[in-house]
Amino acid sequence: MVIAAPTVGVLALQGDVREHLAALREAGVGAVPVRRESELAAVDGLVIPGGESTTISKLLEIFELLEPLRARLASGMPAYGSCAGMILLAGEVLDGRPDQQQLGGLDVVVRRNAFGRQVDSFETDLDVTGVGSVRAVFIRAPWVEKVGAEVEVLATVPRDDPAAGQAAGRVVAVRQGTVLATAFHPEITGDHRVHAYFADLVREA
Ligand code: GLN
């Protein structure tokens, strides 16, 4: 019997969709853009890309995807949020816009734009549990300020990186069941191991 590879969607309203599609395909799963409810219904898991969480939030409402996506997350669809995607999955956002919507799925409090402005973007090597050492690129990234009891911390910014400043020791990768989130952007480094880790979560689900 041949078991088909799972299909993972990439929410394609705004942000770096193409990079995630490419990384997923390299990780050995089918990857399709998701813009409408019927497309969401057809995928086995979803990546929510980096971009601008307030814009993606607004577009989710305009495209009538907010409630369908909340419903799929509530019923256990695996999801991976990178940067803005992490913000959208978080239960609570600090320094967000008052009208920005949360998808839920991840019992964490994140601080938006915690690393500073675009020009203050930051790179470091991170030890990510289950993945290994990863070059992490942070672009106007959030960090996690609080994690719920069900949340596993997968990576923190090393305290021995002199450039880390305020970010030293901050939580930047988490997992809660089949929901994964990173404050950084593995999709832009050509290293698809974080996507492979997520693909395994989707296969197991
Ligand atoms: N600062 C952005 C936001 O608030 C996230 C940036 C990113 O995804 N690279 O959504």
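Computed from a prediction, not measured in an experiment: that's the story for all the values here. (Residues numbered from 1 in each chain as written. Predicted model: local features only at pLDDT ≥ 70, side-chain atom pairs only at ≥ 80, totals over all residues. Heavy atoms only, no water.)

Colleague: Quick one: what's the story with the site of the ligand, residue by residue and with numbers?
Modeller: The local shell around the ligand consists of Gly 50, Gly 51, Glu 52, Ser 53, Cys 83, Ala 84, Ile 87, Arg 112, Asn 113, Ile 139, Arg 140 and His 185. One nitrogen or oxygen atom from the side chain of His 185 is found 2.9 Å from a nitrogen atom belonging to the ligand. In isolation the ligand exposes 300 Å². Once the protein is present, 95% of that is buried. Here the shell around the ligand is built from residues that sort into 4 nonpolar, 5 polar and 3 charged. (Near = heavy atom within 4 Å. Polar contact = N/O pair within 3.5 Å; in protein donor to acceptor, adjacent residues only side chain to side chain. Areas by Shrake-Rupley, 256 points an atom, 1.4 Å probe, with all protein chains shown as cover. Nonpolar A, V, L, I, M, F, W, Y, C, P; charged D, E, K, R; others polar.)

Colleague: So what's going on with the packing of aromatic side chains? Residues and values would help.
Modeller: Evaluated as defined, the whole model comprises 6 aromatic pairs. Here Phe 115 and Trp 143 contribute two aromatic rings whose centre-to-centre distance is 5.4 Å and whose plane-to-plane angle is 70°, an arrangement assigned as edge-to-face. With Phe 115 in the loop between β6 (106-111) and β7 (122-128) and Trp 143 in strand β9 (residues 143-147), the pair connects residues that are 28 residues apart, well separated along the chain. One aromatic cluster in this structure is built from Phe 115, Phe 122, Phe 138, Trp 143 and Phe 184. (Phe/Tyr/Trp six-rings, centres within 6.5 Å; stacked < 30°, edge-to-face > 60°. Helix = DSSP H or I, 4+ residues; strand = E, 2+ residues; numbered from the N terminus.)

Colleague: Tell me about the nonpolar core, and name the residues and values.
Modeller: The biggest cluster of nonpolar side chains holds 71 residues, and the ones touching the most others in it are Leu 11, Leu 60, Leu 69, Phe 115, Phe 138, Val 172 and Val 174. A total of 6 residues in this core trace back to one element, the largest contributor, which is helix α6 (residues 193-204). Discounting chain neighbours no more than four positions away, the residues touching Phe 138 are Phe 115, Ser 121, Phe 122, Thr 124, Leu 126, Val 157, Val 172, Ala 183 and Phe 184. (Core = buried A, V, L, I, M, F, W, Y, C linked by side-chain atoms within 4.5 Å. Buried < 20%, exposed > 50% of the residue type's maximum accessible area, 1.4 Å probe, protein only. Contact = heavy atoms within 4.5 Å.)

Colleague: So what's going on with the UniProt feature "active site" (unreviewed entry) in the protein? Which residues, and what values?
Modeller: Taking the numbering used here, the UniProt-annotated feature "active site" (unreviewed entry) corresponds to Cys 83, His 185 and Glu 187. Spanning 105 residues, the annotated positions come together in the fold, the maximum distance between their C-alpha atoms being 11.1 Å. With respect to the helices and strands, the residue Cys 83 is situated in the loop between β4 (79-82) and α5 (84-89). When its relative accessible area of 4% is taken as the criterion, Cys 83 is described as buried. When sequence neighbours within four positions are dropped, the list of residues in contact with Cys 83 reads Gly 50, Ile 139, Arg 140, Ala 141, Pro 142, Thr 182, Ala 183, Phe 184 and His 185. Relative to the helices and strands, His 185 resides in the loop between β12 (179-182) and α6. If we ignore the near neighbours within four places in the chain, the residues touching His 185 are Asp 16, Gly 50, Ser 82, Cys 83, Val 137 and Ile 139. (UniProt positions renumbered as here; feature names shortened; annotations may be inferred.)

Colleague: Would you mind going over the pattern of salt bridges in detail, with residue names and values included?
Modeller: Pairs may arise between side chains of opposite charge once their charged atoms sit close together. Evaluation of the coordinates by the stated rule reveals 12 salt bridges. Between Arg 135 and Asp 125 there is a salt bridge, and its shortest N-O distance comes to 3.2 Å. Taken together, the positions of Arg 135 in strand β8 (residues 132-138) and Asp 125 in strand β7 put the pair 10 residues apart, joining distant regions of the chain. (Salt bridge = Lys/Arg side-chain N within 4 Å of Asp/Glu carboxyl O.)

Colleague: Tell me about the UniProt feature "binding site: L-glutamine" (unreviewed entry) in the protein, and name the residues and values.
Modeller: With numbering matched to this structure, UniProt assigns "binding site: L-glutamine" (unreviewed entry) to Gly 51, Glu 52, Ser 53, Arg 112, Ile 139 and Arg 140. Of the residues just listed, which span 90 residues, no C-alpha pair is farther apart than 12.8 Å, and they cluster in one region. Here Glu 52 is to be found in the loop between β3 (45-48) and α3 (53-62). Note on placement: Ile 139 falls in the loop between β8 and β9.

Colleague: Pulling in residues and values, what's your account of the pairing of β12?
Modeller: Both faces of β12 are covered, namely the face carrying Val 179 and Ala 181 and the face carrying Leu 180 and Thr 182. Sheet topology places β4 next to β12; 4 bridges connect them, and they run parallel. Across the sheet, residue Ala 79 finds its bridge partner in β12, namely Val 179. When strand β11 (residues 171-176) meets β12, the two strands line up antiparallel, connected through 4 bridges. Bridging across to β12, Ala 173 finds its partner in Thr 182. (Pairing = 2+ DSSP bridges.)

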